[in-house]
Amino acid sequence: MKTSGRRSGAVVGCSVAGLVLAASSPFLHAADDAAFDGSVDTLRQRIEEQSRQIESLKQDLSRQQAVLHDMRRALDISGISGRGPAPAVPATVAAPPPPTGSTPAQQVAQAPVQRPVGEAPTRTDNRPPPVAPIFEQPGVLTPRGTWILEPSLQYAYSSSNRIALIGYTIIPALLIGLIDVREVKSNSLTAALTVRRGITNRFELEAKIPYVYRWDSSVSREVAAGSANPEVFDTDGNDIGDIELTGRYQLNDGGADQPYYIASLRFKSRTGTDPFEVEIDRTIRSTTGGVGLQTEIPTGSGFYSLQPGLTVLIPSDPVVFFGGISYQYSFKRDNVKQKTNEGDIELGEVQPGGAFGFNFGMGLALNERSSFSIGYDHLSVGKVEQNGQTAATSVRVQLGTLLLGYSYRMAPNRTLNLSVGAGLTEDTPDLQLTLRMPITL
């Protein structure tokens, strides 16, 4: 009985203690609520701080994206309208390491960005890549609604030697008569203004207005005529040249590994000084048959002509291969008269020979501003017909020129192009220098 009484008292004591704890539980709950409220406030502050940091990072990202968009747009515009080389993408670039104590979001935003090495910039249009121009026709069309103003200056020099034997021989190596040795040196300087307008992204129109200044020197010596001193005859001429109008159309879209085809049609007027209207002095060098020399050098061809052509560009990173063919047809003239100091000479109907041409070459972008091109241009000019028959002194002429071109982008809207040509055939000018500066308006 005593044992059971102790157990009952213990149970009662525990119950009393439970009641006491239960009675004091409201104070314990209040303490827990205070601690919980403090933790919530801390978490809320941290979340707000991280939200502000994320918002700041978003703003920085937006600004960087805007700057990147402007840079891409500037590079794209300069690469197309300036006709300079396509900018190269630099090698792998990594952002600097994040500062110590930065948040995970900042570390993610500042993580190194890997860029592929040697990858060309993505083109947003279907125009062919630009190359340093060395031929008359450019390879890149003018964008829609854009004006291109291109002043140019071209210098050409050529020299030729001729020996005329007038007489008869009794035995080999013995000439009875005259030996006429003549050396002709020709120089020409052509300043031109070319204007291009992009009608659509695939079609452009071009007008070219040249002004020509030419001067020639003929040195001759007539052996066995009692004259040991050479005689020099100088002549020159300057006037507007033949104005040209050209239309070009891109036939296909092309692509990174697909060729671009560009068709063109050029019309050449006869606004320059007509060679048939320039007076010829037939008394000069009469011992050589009385052909005479021009007292003034013409600045035009004297014939209207049309020249259709086709240009092909094949991108093959990092170079661009290009080439083309063309045919120039000159319209005949009736009732042609050659003006001389002894009166006009009736020539009748004159039909210049057709000129078939082809060219090819390659262009290489050296860096984001400069490029280099090399190519060959050939022109085969047919015989002249007079009154329906081939002229007695007319022959087919072959003109071959090796060309080197350099291009440097001085500004996003201005490029400097220089080309050098060397004649490879007898009738081709020995030297040809051309300086162009296309300006995007």
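Everything quoted here is computed from the prediction, not taken from an experiment.

## Quick word on the overall build of the chain
Here is step 1: Scanning the chain for helices and strands turns up two helices and 20 strands.
Here is step 2: A fraction of 64% describes how many contacts in the chain between residues 6 or more apart in sequence connect residues 24 or more apart.
Here is step 3: Total accessible area on the chain stands at roughly 26,000 Å², and carbon and sulfur atoms take up 60% of it.

## Topic: the sheet that holds strand β11 (residues 333–338)
Here is step 1: The strand order β11-β12-β15-β16 describes an open sheet built from four strands, whose pairing is antiparallel. Unpaired on one side and paired on the other, β11 and β16 (389–390) mark the two borders of the sheet.
Here is step 2: In terms of strand pairing, strand β15 (residues 385–386) meets β16 through two bridges, oriented antiparallel. Bridge pairing in β16 places Gln386 opposite Gln389.

## Side note on the pattern of salt bridges
Here is step 1: Enumeration over the complete set of coordinates arrives at 14 salt bridges.
Here is step 2: For Glu206, the salt bridge identified is with Arg248, shortest N-O distance 3.1 Å. Separated by 42 residues along the polypeptide, Glu206 in strand β3 (residues 203–223) and Arg248 in strand β5 (residues 244–250) bring together distant segments of the chain. Comparing Glu206 with Arg248, the two get one shared label, buried.
Here is step 3: A cluster of three or more residues bridged by salt bridges with shared partners is formed by Glu150, Arg196, Glu204, Glu206, Arg248 and Arg436.

## What to know about the side chain of Thr194
Here is step 1: Assignment of secondary structure puts Thr194 in strand β2 (residues 175–198).
Here is step 2: Those residues in contact with Thr194, other than ones at most four positions away along the chain, are Ile148, Leu149, Glu150, Glu206, Ala207 and Lys208.

## Section: the packing of aromatic side chains
Here is step 1: Within the structure shown, the criterion is met by nine aromatic pairs.
Here is step 2: Measuring from ring centre to ring centre gives 5.2 Å for Tyr329 and Phe331, while their planes differ by 85 degrees; the resulting arrangement is edge-to-face.
Here is step 3: For Arg333, the ring lying beneath its charged end belongs to Phe303, and the centroid distance is 5.8 Å.

## Things to note about the pairing of strand β14 (residues 370–381)
In the case of a regular strand, side chains alternate between the two sheet surfaces.
Here is step 1: Summarising the sheet, strand β13 (residues 355–365) and β14 pair through 11 bridges and their orientation is antiparallel. Bridge pairing in β14 places Met362 opposite Ile374.
Here is step 2: With antiparallel pairing between neighbouring strands as the criterion, β13 and β14 make up a hairpin whose turn holds four residues.
Here is step 3: The sheet contact formed by β14 and strand β17 (residues 397–411) spans 12 bridges and is antiparallel. Directly across from His378, in β17, lies its bridge partner Gly400.

## Observations concerning the nonpolar core
Here is step 1: Val131, Ile134, Phe135, Leu141, Tyr260, Ile262, Leu313, Val320, Phe322 and Leu403 form the largest nonpolar core, which has 10 residues in total.
Here is step 2: Of all the secondary structure elements, the ones that give two or more residues to this core are β6 (260–268) and β10 (319–330).
Here is step 3: Phe303, Val336, Leu347 and Val350 belong to the second largest nonpolar core, which has five residues in total.

## Let's talk about the environment of Asp242
Here is step 1: For Asp242, the position within the fold is in the loop between β4 (231–240) and β5.
Here is step 2: Given a relative accessible area of 9%, Asp242 falls into the buried group.
Here is step 3: Spatially, the C-alpha atom of Asp242 lies 6.4 Å from that of Lys268, the residues being 26 residues apart in sequence.
Here is step 4: Contact partners of Asp242, with chain neighbours within four places excluded, come to Pro210, Lys268, Ser269, Arg270, Thr271, Gly272, Thr299, Gly300 and Ser301.
Here is step 5: At 3.0 Å, the side chain of Asp242 and the backbone nitrogen of Ser301 are in polar contact.

## Focus on the side chain of Arg333
Here is step 1: Mapped onto the elements, Arg333 comes out in strand β11.
Here is step 2: Arg333 gets classed as buried once you look at its relative accessible area, which sits at 17%.
Here is step 3: Among the polar contacts listed, one links the side chain of Arg333 to the side chain of Asp274, at a separation of 2.6 Å.
Here is step 4: Among the polar contacts listed, one links the side chain of Arg333 to the backbone oxygen of Gly302, at a separation of 2.9 Å.
Here is step 5: In this structure, Arg333 is in contact with Arg270, Asp274, Phe276, Gly302, Phe303, Gly348, Glu349 and Val350, ignoring residues within four places of it in sequence.

## Observations regarding a negative patch on the surface
Here is step 1: Taken together, Asp234, Asp236, Asp239 and Glu296 make up a surface patch of like negative charges.
Here is step 2: Relative to the assigned elements, Glu296 resides in the loop between β8 (293–294) and β9 (305–316).
Here is step 3: Classification of Glu296 by relative accessible area gives partly exposed; the value is 36%.

## Points about the confidence of the model for the chain
Here is step 1: Taken over all residues, the pLDDT of the chain has a mean of 77, while the share at 70 or more is 69%.
Here is step 2: The low-confidence segment residues 77–100 (pLDDT under 50) makes 71 contacts with residues lying over four places distant or belonging to another chain.
Here is step 3: Residue range residues 102–124 is modelled with pLDDT below 50. Its contacts to residues more than four positions away, or to other chains, number 36 contacts.

## Examining unusual backbone geometry
Here is step 1: Of the consecutive residues Asp317 and Pro318, the connecting peptide bond is found in the cis state with omega at 15 degrees.
Here is step 2: With respect to the helices, strands and loops of the structure, Pro318 is situated in the loop between β9 and β10.
Here is step 3: In this model, Asn335 sits at a positive phi of 55 degrees, which is unusual for a non-glycine residue.
Here is step 4: Here Asn335 shows up in strand β11.
Here is step 5: What makes Asn335 exposed here is its relative accessible area of 67%.

Each value, and the rule that gives it
Residues numbered from 1 in each chain as written. Predicted model: local features only at pLDDT ≥ 70, side-chain atom pairs only at ≥ 80, totals over all residues. Heavy atoms only, no water. Helix = DSSP H or I, 4+ residues; strand = E, 2+ residues; numbered from the N terminus. Contact = heavy atoms within 4.5 Å. Areas by Shrake-Rupley, 256 points an atom, 1.4 Å probe, with all protein chains shown as cover. Pairing = 2+ DSSP bridges. Salt bridge = Lys/Arg side-chain N within 4 Å of Asp/Glu carboxyl O. Buried < 20%, exposed > 50% of the residue type's maximum accessible area, 1.4 Å probe, protein only. Phe/Tyr/Trp six-rings, centres within 6.5 Å; stacked < 30°, edge-to-face > 60°. Lys NZ or Arg CZ within 6 Å of the ring centre and 35° of its normal. Core = buried A, V, L, I, M, F, W, Y, C linked by side-chain atoms within 4.5 Å. Polar contact = N/O pair within 3.5 Å; in protein donor to acceptor, adjacent residues only side chain to side chain. Patch = residues over 30% accessible without salt bridge, like charges linked within 9 Å, V, L, I, M, F, W, Y side chains within 5 Å. Lys, Arg positive; Asp, Glu negative; His and termini not counted. Charge placed at Lys NZ, Arg CZ, Asp CG, Glu CD. pLDDT = per-residue confidence, 0-100.

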